[in-house]
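These are the residues of each chain, in order.
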Amino acid sequence: MRLIEKVFKPTGPKHAGTLIFFHGSGDSGSGLTEWIRFLLGRDLEFPHIKVIIPTAPVQPYTPMGGENSNVWFNRKRIEMDCPEIRTSLASIYDTVNELLVREMATGTPLDRIVVGGFSMGGALAMHTGFHLNRDLAGVFAISSFLNTGSIVYESLGCVSQDEHLPELLMMHGERDDLVPLEWGQTTFDELAKLGVRGQFVPHRNALHEIKKDQLLRVIDWVQKLIPEPKYEASPPPAPKTDSTKSTKKGKL
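Every value quoted in this text rests on a predicted model; they were computed, and no experiment measured them.

Undergrad: For this particular structure, what's the right way to read the pattern of salt bridges?
TA: Side-chain pairs of opposite charge can arise where the charged atoms are in close proximity. Overall, the coordinates contain 12 salt bridges when judged by the stated rule. For Glu-103, the salt bridge goes to Lys-50, with nearest N and O atoms at 3.1 Å. Residue Glu-103 is found in helix H2 (residues 86-105), and its partner Lys-50 is found in strand S3 (residues 50-54); the two are separated by 53 residues along the sequence. Glu-103 gets classed as buried once you look at its relative accessible area, which sits at 2%.

Next comes the structure, spelled out in structure tokens:
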């Protein structure tokens, strides 16, 4: 399934990495783009990194009484102890994998791709980086959690100690009344036990929302994971010579 996407190309001369940012349940790529623009006063752009902000497919969402909504996957309830609906997750896995394959086809290696998201989008990012494809550069999640007994934990339990895992950045509002801080902290702690390295950053004044300082932290973190390449300068032009004379050319 090809998703509707907001795409921001690198502002510099070369595309050398990709950031994929998943919105929360009931939102859209356009909605998240406007939210970011409001917070930063500009679009989320980098000199060398493409930014993709896709929109989730429309599907029935059980916590909304089965009404259609833009959600990445269905769930029975918004509770940590509620089992995942893995058939629903499998469907979005296929879609996200298509997106990753498409980016690789442009010449972007997996270790220069970062995925992240807000709320449900952050959960999808963790599924993507720690279950679907662990060769990614990093995963970030804002106000997100994984369900107890998540397939992500099962997947990581089979990983050898020397296998590469993406770096993790989790941020969570201490006043979040939809996804309690403890759910995010527990998720981070469980991932850390399974070998994931990263940081968990509480935000004192944040509710279930994205704050400007969180975005600025993401921007700085992404640029460290996907540094801007050093472009080689073009060689100087060869000096003009008299075409009537025989000359020897050295190696450039």
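Undergrad: Is there a simple way to think about the environment of Asn-74 in this case?
TA: Position of Asn-74 relative to the elements: it lies in the loop between strand S5 (67-70) and H2. Here Asn-74 falls in the buried class, since its relative accessible area comes to 14%. Considered as a pair, Asn-74 and Ser-25 are 49 residues apart in the sequence and their alpha carbons are 9.8 Å apart. The contact partners of Asn-74, leaving out residues within four places of it in the chain, are Gln-59, Pro-60, Tyr-61, Thr-62, Pro-63, Ile-85 and Ser-88.

Undergrad: Help me understand the packing of aromatic side chains, please; the structure alone is not making it clear to me.
TA: Each aromatic ring pair is described using two quantities: the centre-to-centre distance and the angle formed by the ring planes. Under the counting rule described, the total for this entry stands at six aromatic pairs. Ring geometry for Phe-21 against Phe-140: centres 5.0 Å apart, planes inclined by 90°, an arrangement best described as edge-to-face. Of this pair, Phe-21 sits in strand S2 (residues 18-22) while Phe-140 sits in strand S7 (residues 138-142); the two residues are 119 residues apart in sequence, bridging distant segments of the chain. With a relative accessible area of 0%, Phe-21 lands in the buried category. The class for Phe-140 is buried, based on a relative accessible area of 0%. An angle of 70° between the planes, with centres 5.1 Å apart, marks the rings of Phe-22 and Trp-72 as edge-to-face. Of this pair, Phe-22 sits in strand S2 while Trp-72 sits in the loop between S5 and H2, and the two are 50 residues apart along the sequence. The pair Phe-22 / Trp-72 is uniform in exposure class, with both members buried.

Undergrad: Where do I start with the pairing of S7 in this structure?
TA: Taken residue by residue, a regular strand's side chains alternate between the two faces of the sheet. Counting buried positions along S7 gives five out of five residues, so the element sits mostly inside the fold. Strand direction decides the pairing type here: strand S6 (residues 113-118) and S7, joined by five bridges, are parallel. By the bridge assignment for S7, Val-114 is matched with Gly-138. Crossover connection from S6 via helix H3 (residues 120-132) to parallel S7: handedness right-handed. Strand direction decides the pairing type here: S7 and strand S8 (residues 167-173), joined by five bridges, are parallel. Counterpart to Phe-140 in the pairing with S8 is Leu-169. The parallel pair S7 and S8 is bridged by helix H4 (residues 151-156), and the resulting crossover is right-handed.

Undergrad: I'm lost on the pairing of strand S9 (residues 198-203) in this one. Help?
TA: Examined bridge by bridge, S8 and S9 share six bridges and lie parallel to one another. Its bridge partner lying in S9, Met-171 is registered against Val-201. At this point the chain moves from S8, through helix H5 (residues 181-193), to the parallel S9, and the crossover so formed is right-handed.

Undergrad: Can you walk me through the nonpolar core in this structure?
TA: Ranked by internal contacts, the top residues of the largest apolar core, which has 41 residues, are Trp-72, Phe-130 and Leu-191. In this view, Trp-72 contacts Leu-3, Phe-22, His-23, Pro-54, Thr-55, Ala-56, Pro-57, Gln-59, Ile-92, Met-120, Gly-121 and Leu-124; residues no more than four positions away in its chain are not counted. With 27 residues, the next largest nonpolar core counts Leu-32, Leu-44, Leu-169 and Val-201 among its residues.

Undergrad: Sorry if this is basic, but what is going on with the packing of H2 against H3 here?
TA: Helix packing geometry: the angle between the two helix axes and the distance between the axes. The interhelical angle for the contact between H2 and H3, taken along N-to-C directions, is 75°, at an axis separation of 11 Å. Compared by their axis directions, H2 and H3 come out roughly perpendicular. Of H3, the residues touching H2 (which contributes Leu-89, Ile-92, Tyr-93, Val-96, Asn-97 and Leu-100) are Leu-124, His-127, Thr-128, His-131 and Leu-132. Partitioning the contact of H2 with H3 into residue classes produces seven nonpolar, four polar and no charged.

Undergrad: Would you explain unusual backbone geometry in this entry?
TA: Phi angles above zero are rare outside glycine, and Ser-119 is one such case at about 55°. Residue placement: Ser-119 occurs in the loop between S6 and H3. The class of Ser-119 is buried, set by a relative accessible area of 13%. If you check the backbone angles, Ser-143 has positive phi at about 55° while not being a glycine. Residue position: Ser-143 is located in the loop between S7 and H4. Ser-143 sits in the buried class, given a relative accessible area of 1%.

Calculation notes
- Residues numbered from 1 in each chain as written.
- Predicted model: local features only at pLDDT ≥ 70, side-chain atom pairs only at ≥ 80, totals over all residues.
- Heavy atoms only, no water.
- Salt bridge = Lys/Arg side-chain N within 4 Å of Asp/Glu carboxyl O.
- Helix = DSSP H or I, 4+ residues; strand = E, 2+ residues; numbered from the N terminus.
- Buried < 20%, exposed > 50% of the residue type's maximum accessible area, 1.4 Å probe, protein only.
- Contact = heavy atoms within 4.5 Å.
- Phe/Tyr/Trp six-rings, centres within 6.5 Å; stacked < 30°, edge-to-face > 60°.
- Pairing = 2+ DSSP bridges.
- Right-handed = clockwise from strand over helix to strand, strands pointing away.
- Core = buried A, V, L, I, M, F, W, Y, C linked by side-chain atoms within 4.5 Å.
- Axes fitted to C-alpha atoms, helices over the stretch in contact; angles between N-to-C directions.
- Parallel < 35°, antiparallel > 145°, perpendicular 65-115°, else oblique.
- Nonpolar A, V, L, I, M, F, W, Y, C, P; charged D, E, K, R; others polar.

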